[in-house]
Amino acid sequence: MCAQLHDWSQLGDDHATNPIVGERRKSQRHITVLQVAKLVTDHCEELCIVRDISGGGLKAEFYCPMEVGETVEIQFKSGQKVRGHVVWVEDRQAGIEFEQPVETELLLVRRDHDPEGHPIRAPRLKVDMPGMLRVHGEQVCVRVSDISQDGCRLRSDLMLKPGTGCEISLPGLGYRLASIRWFRDNEAGVRLDERLSYQDFALWRHRLISGGI
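Below, the structure is looked at part by part. Owing to the predicted nature of the structure, the values given are computational and were not obtained by experimental measurement.

What counts, and at which threshold
- Residues numbered from 1 in each chain as written.
- Predicted model: local features only at pLDDT ≥ 70, side-chain atom pairs only at ≥ 80, totals over all residues.
- Heavy atoms only, no water.
- Helix = DSSP H or I, 4+ residues; strand = E, 2+ residues; numbered from the N terminus.
- Contact = heavy atoms within 4.5 Å.
- Salt bridge = Lys/Arg side-chain N within 4 Å of Asp/Glu carboxyl O.
- Buried < 20%, exposed > 50% of the residue type's maximum accessible area, 1.4 Å probe, protein only.
- 1 Å grid on protein atoms, 1.4 Å probe; cavity = no way out; pocket = protein on both sides within 12 Å on 5 of 7 lines; lining within 4 Å.
- Points joined across faces, edges and corners; volume = space filled by probe spheres on them.
- Nonpolar A, V, L, I, M, F, W, Y, C, P; charged D, E, K, R; others polar.
- Pairing = 2+ DSSP bridges.
- Axes fitted to C-alpha atoms, helices over the stretch in contact; angles between N-to-C directions.

### Considering the side chain of Asp-146
Mapped onto the fold, Asp-146 is located in strand 8 (residues 138-147). The residues contacting Asp-146, other than those within four sequence positions of it, are Arg-124, Leu-125, Lys-126, Val-127, Gly-151, Cys-152 and Arg-153.

Quick look at the structure:
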């Protein structure tokens, strides 16, 4: 494999007598995780899976183009965000080194609200794409402004009542059962009855980006 973030596993055993080495070992200790996060670059925003993390960086699986040296931002389910740059890329994995050391516990902790007090939802991506909505046998064209594994936000001229069952179709995805969660000013939140798995969601997004749909 290409060079890792800082060769975390090659530290010596003299940290007990050398405080500098001990602090370096503490900051570079990595944790294996499998957590979906949002990856933001200058040219795209997509979901990724964080596979392991330390105070200095992380390894992630991704489905969008990445280049060594590229600046990225990772947004965690905890509501925390961290910036860094890509130090290696291999297949669909990348090593990202943080701009500043971080407390991994703050990034990975499960919260109901972000630091600003807003409810934390599944990572959402901003988009601008057409969709089709079926409600009570009526089919209408809609415009989708953000998506997640759980559902989407759309704009519709059709009056939609919260709690109403519906079906939603997006480019490359067949109709899926869903329900209207909220509606105001011709915008609605639609929640899928069965959330998309990360793999299905990421592969669908990859096909969209690569022109396979």
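There's plenty left to go through after this.
### Some details on the pattern of salt bridges
Applying the stated criterion across every chain, the model contains ten salt bridges. Across the pair Arg-205 and Glu-46 runs a salt bridge whose closest N-O atoms are separated by 2.6 Å. Linking Arg-205 in helix 3 (residues 198-210) with Glu-46 in strand 2 (residues 45-53), this pair joins segments that are 159 residues apart in sequence. Residue classification places Glu-46 among the buried positions, given a relative accessible area of 5%. Across the salt bridge formed by Glu-99 and Arg-83, the nearest N and O atoms sit 3.6 Å from each other. Residue Glu-99 is located in the loop between strand 6 (93-98) and helix 2 (104-108), and its partner Arg-83 is located in strand 5 (residues 81-90); the two are separated by 16 residues in the primary sequence.

### Considerations on empty space enclosed by the protein
Gaps left between atoms are located by rolling a probe of water-molecule size over the structure's atoms. Evaluated as defined, the whole model comprises two cavities of 30 Å³ or more. In this structure, the largest cavity occupies an estimated 120 Å³ of space. Where the lining of the largest cavity is concerned, the elements lending two or more residues are strand 9 (151-155), strand 10 (165-169) and helix 3. Its residues assigned to classes, the lining of the largest cavity comprises nine nonpolar, four polar and one charged. Forming the walls of the second largest cavity are Glu-46, Leu-47, Tyr-63, Tyr-198, Phe-201, Ala-202, Arg-205 and His-206. Those elements that provide at least two residues to the lining of the second largest cavity are strand 2 and helix 3. Here the element with the most residues in the lining of the second largest cavity is helix 3; it accounts for five residues. Among the residues forming the lining of the second largest cavity, the class breakdown is five nonpolar, one polar and two charged.

### Notes on the sheet that holds strand 7 (residues 125-135)
Read around the closed barrel, six strands run 7-8-9-12-11-10, paired in antiparallel fashion. Pairwise comparison of adjacent strand axes, ignoring direction, gives a mean angle of 45° for this sheet. Note: strand 8 against strand 9, four bridges, orientation antiparallel. The residue of strand 9 that forms the bridge with Val-144 is Leu-154. Strand contacts of helix 3: strand 7 and strand 8, with the helix running at about 105° to strand 7, the strand carrying the most contacts.

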